Amino acid sequence: MKSKNEKKRGSSAPKGGPKGKKFSMKNDPFFETESKKRRKMAYGDDDIESGGSEEEEEILGGSDAGGGEQDEDEIEETPGEIRKRVATELLDKMRAIARREKEDKDGDGEMDGEEARDSLVAKILQQEQLEESGRIRRAIASRIKKPETADGFKVLVKHRQSVTSVALSDDDLKGFSASKDGTILQWDVESGKTESYQWPSEDILKSHGAKDPRGRSKKHSKSVLALAVSSDGRYVASGGLDRHVHLWDVRTREHLQAFSGHQKPVSCLSFRQGTTDLFSGSFDRTIKYWNMEDHAYIDTICGHESEVLTLDCLRKERVLTVGRDRCMMLFKVLDQSRLVFRPPPTSLECCCFINNDEFLSGSDDGSIQLWNVLRKKPVYVVKNAHAMLPAGQSVEQIGSENIPDNGLENGDHKIEGYNCSSTYSWVSSISVCRGTDLVASGAGNGCVRLWTVETGKKDIRPLYDIPLVGFVNSLAFAKSGQFLVAGVGQEPRLGRWGSLPAARNGVAIQPLELL
């Protein structure tokens, strides 16, 4: 036993080695094999590096090799380089505009150099930034030319059932519309040429994240109630009776993802300006916050005690909502706080931002309210904005007077002259031309009305009435203010409590000329 233990101790190569004999790693087979493996790997690396040598590039041809490197550089352009390139192109464009304006002012005078052009460029960029942020507005309402045609809107796109939502891309070239029959159409604003979005099969929907339908139905309902387009024009989001938010690719018109989470139909959608963040409102009384780029859920916002009907948002992480609980709420997402606005005894149907501090709403008694973030009640009320009048009468604003909450309301409120209790006089949609003082509202009384908002005087003044038969369920202004798009139907957007058989289901467009 003693000799065996000595043999084991001798073979284990103790620390320092046996006396009179030096220990070397080179003689150990374990380290020998490891070094061979490393030599093979090193040889392989050398072999790979030699494939891209300068000699072989000369044999293959210098032009081809250089072209390949150039393609790789273009493909591997970093986000910082992209931003720098876009900024440089924008500056060059602005400098060209500034140069033309300078030449128009003094044609034969010598230019002072780059300083004058750069100062003019800075003014243009600052003006655009202020308009985008909503700090200043372009006064274009007073320059709108009265439409001369008595026919009013021109039908651009047809749907089989009532149109529930319309949206425009930021470049004003493409439009999108959805209807109760489940069709989502993409159309060209100038030509009216349409392209349809095809719903995938049930199996594909489930693979994209859709949950099984509830109740007796075995298939997902295709009825669409809301539509929204991202600022970069890459994504379209839709929501409807199937309780899901669906994401579509604008370029290929293919279904990308189905987001579950809402327990009841999705009634409204809105992208945050300049981002791919999406807000969705539902009949389950919640608002959900999503990121479409990462296909991710962010947060759930609660506060309403009844169904959420409409929402809107600008660049800030704030969302404005109205619900059937007869109140409007402004949620500050980052602060996790909210402001509650309560109108006179009426139910609000729609809302939209004017800027970060002011907004509008429309109600089911035919009135339009102007709000300020500093007040819990409307600062100005337009009564009978879309009243059903007897034949031969027209709505005229006859003075204004103070009301108990120190706001303002106007109009002649004689019961025998107006009928605002009807479904056809409900203000079902309202829209603001972003960065301007121009507003449009729609109902089922046979016209779309244009308004001008004078926030300094806290006033809303009517401009023109444009004839349009049907329930105006959605409105969208072009960013340039050159035209107005309306989604029309024979029925209201969220129900069937009214019907206008003479109406045509589709999208109508009205050009707006500036003086």
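Residues numbered from 1 in each chain as written. Predicted model: local features only at pLDDT ≥ 70, side-chain atom pairs only at ≥ 80, totals over all residues. Heavy atoms only, no water.

- The protein chain appears in an unreviewed UniProt entry as U3 snoRNP-associated protein-like YAO from Hibiscus syriacus.
- The protein chain has a UniProt comment under Sequence similarities (unreviewed entry) that states "Belongs to the WD repeat RRP9 family."
- You can read under Subcellular location (unreviewed entry) in the UniProt record for the protein chain the words "Nucleus, Nucleolus". (UniProt positions renumbered as here; feature names shortened; annotations may be inferred.)

Digging into the sheet that holds strand S6 (residues 224–229)
So, point 1. Across the sheet, which stays open at both edges, the 4 strands sit in the order S6-S7-S8-S9 with antiparallel pairing between neighbours. Sheet topology places S6 and strand S9 (255–259) at the edges, where each strand pairs with a single neighbour. Strand-to-strand twist in this sheet, taken as the mean axis angle between neighbours without regard to direction, amounts to 20°.
So, point 2. The pairing of strand S7 (residues 235–240) with strand S8 (residues 245–249) spans 5 bridges and is antiparallel. Within S8, the residue paired with Ser 238 across the bridge is His 246. (Pairing = 2+ DSSP bridges. Helix = DSSP H or I, 4+ residues; strand = E, 2+ residues; numbered from the N terminus. Axes fitted to C-alpha atoms, helices over the stretch in contact; angles between N-to-C directions.)

Observations concerning the sheet that holds strand S16 (residues 328–332)
So, point 1. Here we have 4 strands laid out as an open sheet, ordered S14-S15-S16-S17, and antiparallel in their pairing. In the strand order of this sheet, the two ends are held by strand S14 (308–313) and strand S17 (337–341), each with one partner. For this sheet, the mean angle separating the axes of adjacent strands, direction not counted, is 20°.
So, point 2. Looking at chain direction, S16 and S17 are connected through 5 bridges and run antiparallel. Bridge pairing in S17 links Phe 331 to Arg 338.

Concerning the confidence of the model for the protein chain
So, point 1. Scored by pLDDT, the protein chain comes out at a mean of 78, with 70% of its residues at no less than 70.
So, point 2. Every residue in residues 34–74 scores below 50 in pLDDT, and together they form 6 contacts with partners more than four places removed in sequence or on other chains.
So, point 3. When the criterion is pLDDT under 50, residues 390–421 qualifies, and its contacts beyond four places in sequence or with other chains add up to 61 contacts. (pLDDT = per-residue confidence, 0-100. Contact = heavy atoms within 4.5 Å.)

Some details on the nonpolar core
So, point 1. Core analysis: the largest hydrophobic core is formed by 19 residues, its most contacted members being Phe 153, Leu 438, Val 448, Leu 450, Leu 468, Phe 477 and Leu 484.
So, point 2. Listing elements by their share of this core, those giving two or more residues are strand S25 (438–442), strand S26 (447–454), strand S28 (471–477) and strand S29 (483–489).
So, point 3. Discounting residues that sit within four places of it in the chain, Leu 484 has contacts with Phe 153, Ala 440, Val 448, Leu 450, Leu 475, Ala 476, Phe 477, Ala 508, Ile 509, Gln 510 and Leu 512.
So, point 4. Listed in part, the 17 residues of the second largest apolar core include Tyr 380, Val 382, Val 427 and Trp 451. (Core = buried A, V, L, I, M, F, W, Y, C linked by side-chain atoms within 4.5 Å. Buried < 20%, exposed > 50% of the residue type's maximum accessible area, 1.4 Å probe, protein only.)

What to know about the packing of aromatic side chains
So, point 1. Tallying each qualifying case throughout the model produces 10 aromatic pairs.
So, point 2. Judged by centre distance (5.3 Å) and plane angle (50°), the rings of Phe 259 and Trp 290 are tilted. One end of the pair, Phe 259, is in strand S9; the other, Trp 290, is in strand S12 (residues 286–291), and 31 residues separate them in sequence. The pair formed by Phe 259 and Trp 290 is uniform in burial state, with each residue classed as buried.
So, point 3. Judged by centre distance (5.9 Å) and plane angle (85°), the ring pair of Phe 353 and Phe 359 falls under edge-to-face.
So, point 4. Of the residues examined, Phe 353 reaches a relative accessible area of 2% and is grouped as buried. (Phe/Tyr/Trp six-rings, centres within 6.5 Å; stacked < 30°, edge-to-face > 60°.)

A closer look at the UniProt feature "repeat: WD" (unreviewed entry) in the protein chain
So, point 1. The feature "repeat: WD" (unreviewed entry), as annotated in UniProt, sits at residues 156–197, 217–258, 259–300 and 359–381 in this numbering.
So, point 2. For residues 359–381, helix accounts for 0% and strand for 52%, while the C-alpha atoms at its two ends are 12 Å apart.

Section: the pairing of strand S18 (residues 348–353)
So, point 1. The element S18 is extensively covered by neighbouring structure, given that 6 of its 6 residues are classed as buried.
So, point 2. Bridge count between S18 and strand S19 (residues 358–363): 5 bridges; the pairing is antiparallel. Residue pairing for S19: Cys 351 is matched across the bridge by Ser 361.
So, point 3. If you look at the hairpin formed by S18 and S19, you'll find 4 residues sitting between the two strands.

Topic: empty space enclosed by the protein
So, point 1. As enumerated under the stated definition, the model contains 1 cavity of 30 Å³ or more in all.
So, point 2. Quantified by volume, the largest cavity comes out at close to 40 Å³.
So, point 3. In terms of lining, the largest cavity is formed by Trp 199, Ser 221, Lys 222, Ser 223, Val 224, Ser 238, Gly 239, Gly 240, Asp 242 and His 246.
So, point 4. Here the element with the most residues in the lining of the largest cavity is S7; it accounts for 3 residues.
So, point 5. Classifying every residue of the lining of the largest cavity gives 2 nonpolar, 6 polar and 2 charged. (1 Å grid on protein atoms, 1.4 Å probe; cavity = no way out; pocket = protein on both sides within 12 Å on 5 of 7 lines; lining within 4 Å. Points joined across faces, edges and corners; volume = space filled by probe spheres on them. Nonpolar A, V, L, I, M, F, W, Y, C, P; charged D, E, K, R; others polar.)

With respect to the environment of Trp 248
So, point 1. Assignment of secondary structure puts Trp 248 in strand S8.
So, point 2. The class for Trp 248 is buried, based on a relative accessible area of 0%.
So, point 3. Linking Trp 248 and Val 236, residues 12 residues apart in sequence, is a C-alpha distance of 5.1 Å.
So, point 4. There is a polar contact of 3.1 Å between the side chain of Trp 248 and the side chain of Ser 238. (Polar contact = N/O pair within 3.5 Å; in protein donor to acceptor, adjacent residues only side chain to side chain.)

A look at the pairing of strand S13 (residues 296–302)
On any regular strand, side chains alternate: one points to one face of the sheet, the next to the other face.
So, point 1. The sheet contact formed by S12 and S13 spans 6 bridges and is antiparallel. What sits directly across from Lys 288, in S13, is Thr 300.
So, point 2. With antiparallel pairing between neighbouring strands as the criterion, S12 and S13 make up a hairpin whose turn holds 4 residues, including His 295 at a positive phi of roughly 55°.

What about unusual backbone geometry?
So, point 1. Positive phi, normally seen in glycine, also occurs at His 295, with a value near 55°.
So, point 2. Tracing the backbone through its elements, the reader meets His 295 in the loop between S12 and S13.
So, point 3. Here His 295 falls in the partly exposed class, since its relative accessible area comes to 34%.
So, point 4. Here Asn 384, not a glycine, exhibits a phi torsion of approximately 55°, which is positive.
So, point 5. For Asn 384, the location among the structural elements is in the loop between strand S21 (380–382) and strand S22 (400–402).
So, point 6. For Asn 384, a relative accessible area of 10% corresponds to the buried category.

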